[in-house]
Amino acid sequence: MTNNKVQKMTILAMMIAMDVVLSPLFRVEGIAPMSSVMNVIAAVLMGPIYGTVMALACGILRMILFGIPPLALTGAVFGAFLAGVGYKWMNTYLGAIIGEFIGTGLIGSLLSYPIMVWFTGSAQGMYWFVYTPRFILGALSGSLIAYLVLVRIDKVPYIQRVKKTFD
């Protein structure tokens, strides 16, 4: 394995660890702002593919370790991917925030309904938009926190090197 691949895997592992540790903070069922924070930061630092891998690994770990339902996957994976695509496309933090909003707040929330109906075996008391307000709140609040963090760390030389590693 080349040195660059080792660096990428190391950074990815650190981002996964930070996401798993931080995501239970401030979490209310369906509202996970710290997951959105990590999605946006990962999208900016690592791009859409590694950001999606991070979100997928974290979702699986949160399901196993914390007993969180499959919402951990639907809420994070689409947001991480679209945040990365948005950042690459617009080359601004706003692109990552828009991607996170669309991926988590809209797509993830709407896909959560059929997955949770399948997971629980019942649609009783649920409807298509049951998760949308909470997912949107989590995505927007997490994206705002991520923006504030990124503005502060963007000047750090190590962060610039991390971005170049994933280019």
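Residues numbered from 1 in each chain as written. Predicted model: local features only at pLDDT ≥ 70, side-chain atom pairs only at ≥ 80, totals over all residues. Heavy atoms only, no water.

- Looking at an unreviewed UniProt entry, the protein carries the name Energy coupling factor transporter S component ThiW, with the source organism given as Aerococcus urinaeequi.

### Here's the deal with the overall build of the protein
Alright, step 1. Summing up its helical and strand segments, the protein has 7 helices and 0 strands in all.
Alright, step 2. Across the protein, helices and strands are ordered from the amino to the carboxyl terminus as α-α-α-α-α-α-α.
Alright, step 3. Relative to its length of 167 residues, the protein is compact, with a C-alpha radius of gyration of 15 Å against a globular reference of 15 Å.
Alright, step 4. Its C-alpha atoms put the protein at 50 × 30 × 25 Å along the principal axes.
Alright, step 5. Of all 167 residues assigned to the protein, the portion counted as buried reaches 47%.
Alright, step 6. Across the protein, contacts joining residues at least 24 apart in sequence account for 68% of those joining residues at least 6 apart.
Alright, step 7. As displayed, the protein offers around 8,500 Å² of accessible surface, 74% of which is attributable to carbon and sulfur atoms. (Helix = DSSP H or I, 4+ residues; strand = E, 2+ residues; numbered from the N terminus. Rg over C-alpha atoms; globule rule 2.2 N^0.38 Å. Buried < 20%, exposed > 50% of the residue type's maximum accessible area, 1.4 Å probe, protein only. Contact = heavy atoms within 4.5 Å. Areas by Shrake-Rupley, 256 points an atom, 1.4 Å probe, with all protein chains shown as cover.)

### What about the pattern of salt bridges?
Alright, step 1. Taken as a whole and assessed by the stated rule, the structure comprises 3 salt bridges.
Alright, step 2. As a salt-bridge pair, K88 and D167 come within 3.9 Å of each other at their nearest N and O atoms. Of the two residues, K88 is situated in helix α4 (residues 77-90) and D167 in the segment after α7 (157-165); the sequence distance between them amounts to 79 residues.
Alright, step 3. Relative accessible area serves as the criterion here: at 71%, D167 is assigned to the exposed category.
Alright, step 4. When the shortest N-O distance is used, the salt bridge between K163 and D154 registers 2.8 Å. (Salt bridge = Lys/Arg side-chain N within 4 Å of Asp/Glu carboxyl O.)

### A few points about the side chain of T132
Alright, step 1. You can see T132 is positioned in helix α6 (residues 132-153).
Alright, step 2. Taking relative accessible area as the criterion, T132 reaches 10% and is therefore assigned buried.

### Focus on the packing of helix α2 (residues 33-66) against α4
Alright, step 1. Between α2 and α4, whose axes approach to 7 Å, the crossing angle comes to 140°. Taken together, the axis directions place α2 and α4 in an arrangement best described as oblique. At the point where α2 passes α4, the crossing takes the left-handed sense. Within the contact between the two elements, α2 uses N39, A43, V44, G47, P48, G51, T52, A55 and L56 and α4 uses V77, G79, A80, F81, A83, G84, V85, Y87 and K88. (Axes fitted to C-alpha atoms, helices over the stretch in contact; angles between N-to-C directions. Parallel < 35°, antiparallel > 145°, perpendicular 65-115°, else oblique. Left-handed = near helix turned anticlockwise from the far one by under 90°.)

### Overview of unusual backbone geometry
Alright, step 1. The backbone of N91 shows a phi angle near 55°, a positive value even though the residue is not glycine.
Alright, step 2. One can find N91 in the loop between α4 and α5 (93-120).
Alright, step 3. For N91, a relative accessible area of 57% corresponds to the exposed category.

### Observations regarding the packing of aromatic side chains
Alright, step 1. The tally for this structure, following the rule as stated, stands at 4 aromatic pairs.
Alright, step 2. On the numbers, 6.3 Å between centres and 20° between planes, the contact of Y87 with Y93 is stacked.
Alright, step 3. The buried category is assigned to Y87, whose relative accessible area is 12%.
Alright, step 4. Classification of Y93 by relative accessible area gives buried; the value is 14%.
Alright, step 5. Both rings, one in Y131 and one in F135, keep their centres 5.9 Å apart while their planes meet at 50°; by these two values the pair is tilted.
Alright, step 6. A residue is classified by how much of its surface remains accessible, and Y131, at 7% relative accessible area, is buried. (Phe/Tyr/Trp six-rings, centres within 6.5 Å; stacked < 30°, edge-to-face > 60°.)

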